[in-house]
Amino acid sequence: MFKGFKEFIAQGNVIDLAVAVVIGGAFTAIVTAVVDSIITPLVALFYQPDDSGNIGPVIPGIYGQEVTFPLGNLITAIISFIAVALVVYFVFVMPMNKWKERQAAKNPAVEEPTLPNEQELLIEIRDLLRKDADTSA
């Protein structure tokens, strides 16, 4: 029971996924704080926040109302995603891949022989039948 569980946990994909989820969740808070305190004020230099606090270009609507396209939220989400993805990749995924490569180099996989295709098998059978016919005649 524990052996199967150990093999499941030891698979690289499971470990990569678990690390990405945990670190991504923890790092997201840091990235959000940085973006909220640095990037959002920079965007606010160019756009005035509307009544609900959305930052972005204001375009008049069909009925005369002002419509704000909240680019600040979009920029925050994009920067947060890229920062978290970069940290998870360079800190966890890349070292795990290097470790897997080293393990594979230490324990080279045994190559299975390639099986002949149908045409090669038919040629071999034909040659054996000819050889058999020649020796019996």
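Note that the structure is predicted; figures quoted are calculated from it, not measured.

Reading the values: the criteria
Residue indices begin from 1 for each chain and proceed along its sequence in written order. The predicted origin of the model limits local features to residues at a pLDDT of at least 70 and limits the giving and counting of side-chain atom pairs to 80 or more, whereas totals for whole chains, interfaces and linings rest on all residues. Note that water and hydrogens are dropped before the side-chain values are worked out from all heavy atoms of the structure. Elements are defined by DSSP. Helices are runs of H or I of four residues or more, strands are runs of E of two residues or more, and each kind is numbered from the N terminus. Any residue under 20% of the maximum accessible area for its type is buried, any over 50% is exposed, and the rest in between are partly exposed; the area is computed with a 1.4 Å probe on protein chains only. Contacts are assigned to residue pairs with any non-hydrogen atoms lying within 4.5 Å of each other. Throughout, the Shrake-Rupley method with a 1.4 Å probe supplies accessible areas, and for residues the shown protein chains are the sole cover considered. What a helix is expected to span follows from its residue count: subtract one and scale by 1.5 Å. Bending is quantified residue by residue as the angle between axes fitted to the seven-residue window ending at that residue and the seven-residue window starting at it. By definition, a salt bridge exists where a carboxyl oxygen of Asp or Glu is found within 4 Å of a side-chain nitrogen of Lys or Arg. Pairing of aromatic rings covers Phe, Tyr and the six-membered ring of Trp, with a centre-to-centre limit of 6.5 Å; geometry is then stacked below 30 degrees between planes, edge-to-face above 60, and tilted otherwise.

Engineer: Can you break down the overall build of the protein chain residue by residue, with the values?
Structural biologist: Counting its secondary structure elements, the protein chain contains four helices and two strands. Counting from the amino terminus, helix and strand elements in the protein chain follow one another as α-α-β-β-α-α. For the protein chain, the proportion of its 137 residues judged to be buried stands at 12%. Restricting to contacts in the protein chain with at least 6 residues of sequence separation, those with at least 24 account for 44%. In the form shown here, the protein chain has an accessible surface area of approximately 11,200 Å², with 67% of it arising from carbon and sulfur atoms.

Engineer: Kindly report on helix α3 (residues 71–106), identifying the contributing residues and their values.
Structural biologist: With 36 residues, α3 extends 51 Å from end C-alpha to end C-alpha; this agrees with the ideal 52 Å at 1.5 Å per step. Residue Tyr-89 marks the point of greatest curvature in α3, where the axis turns by about 40°. By the burial criterion, the buried members of α3 are Gly-72, Thr-76, Ser-80, Val-84, Val-88 and Met-96.

Engineer: Provide a residue-level description of the pattern of salt bridges, including the pertinent values.
Structural biologist: A complete count under the given rule lists one salt bridge for this structure. In this structure, the salt-bridge partner of Arg-126 is Asp-127, at a minimum N-O distance of 3.1 Å. A residue is classified by how much of its surface remains accessible, and Asp-127, at 37% relative accessible area, is partly exposed.

Engineer: Could you give an account of the side chain of Thr-68, naming the residues involved and the relevant values?
Structural biologist: Residue placement: Thr-68 occurs in strand β2 (residues 66–68). Setting aside anything within four residues of it in sequence, one finds Thr-68 in contact with Asp-50, Asn-54, Ile-55, Gly-56, Pro-57 and Val-58.

Engineer: Give a description of the environment of Ile-23 that names residues and reports values.
Structural biologist: Checked against the element boundaries, Ile-23 lands in helix α2 (residues 12–44). A sequence separation of 61 residues divides Ile-23 from Val-84, and the C-alpha atoms of the two residues are 8.3 Å apart. Filtering out sequence-adjacent residues up to four positions away, Ile-23 remains in contact with Val-88 and Phe-92.

Engineer: Help me get a handle on the environment of Ile-75, residues and values and all.
Structural biologist: With respect to the secondary-structure elements, Ile-75 resides in helix α3. Taking C-alpha positions, Ile-75 is 8.8 Å from Val-35, a pair spaced 40 residues apart along the chain.

Engineer: Describe the packing of aromatic side chains, naming the residues involved and giving the relevant values.
Structural biologist: Evaluated as defined, the whole model comprises one aromatic pair. Centroid distance Tyr-89 to Phe-90: 5.1 Å. Interplanar angle 80°. Geometry classified as edge-to-face. For Tyr-89, a relative accessible area of 38% corresponds to the partly exposed category. Here Phe-90 falls in the partly exposed class, since its relative accessible area comes to 45%.

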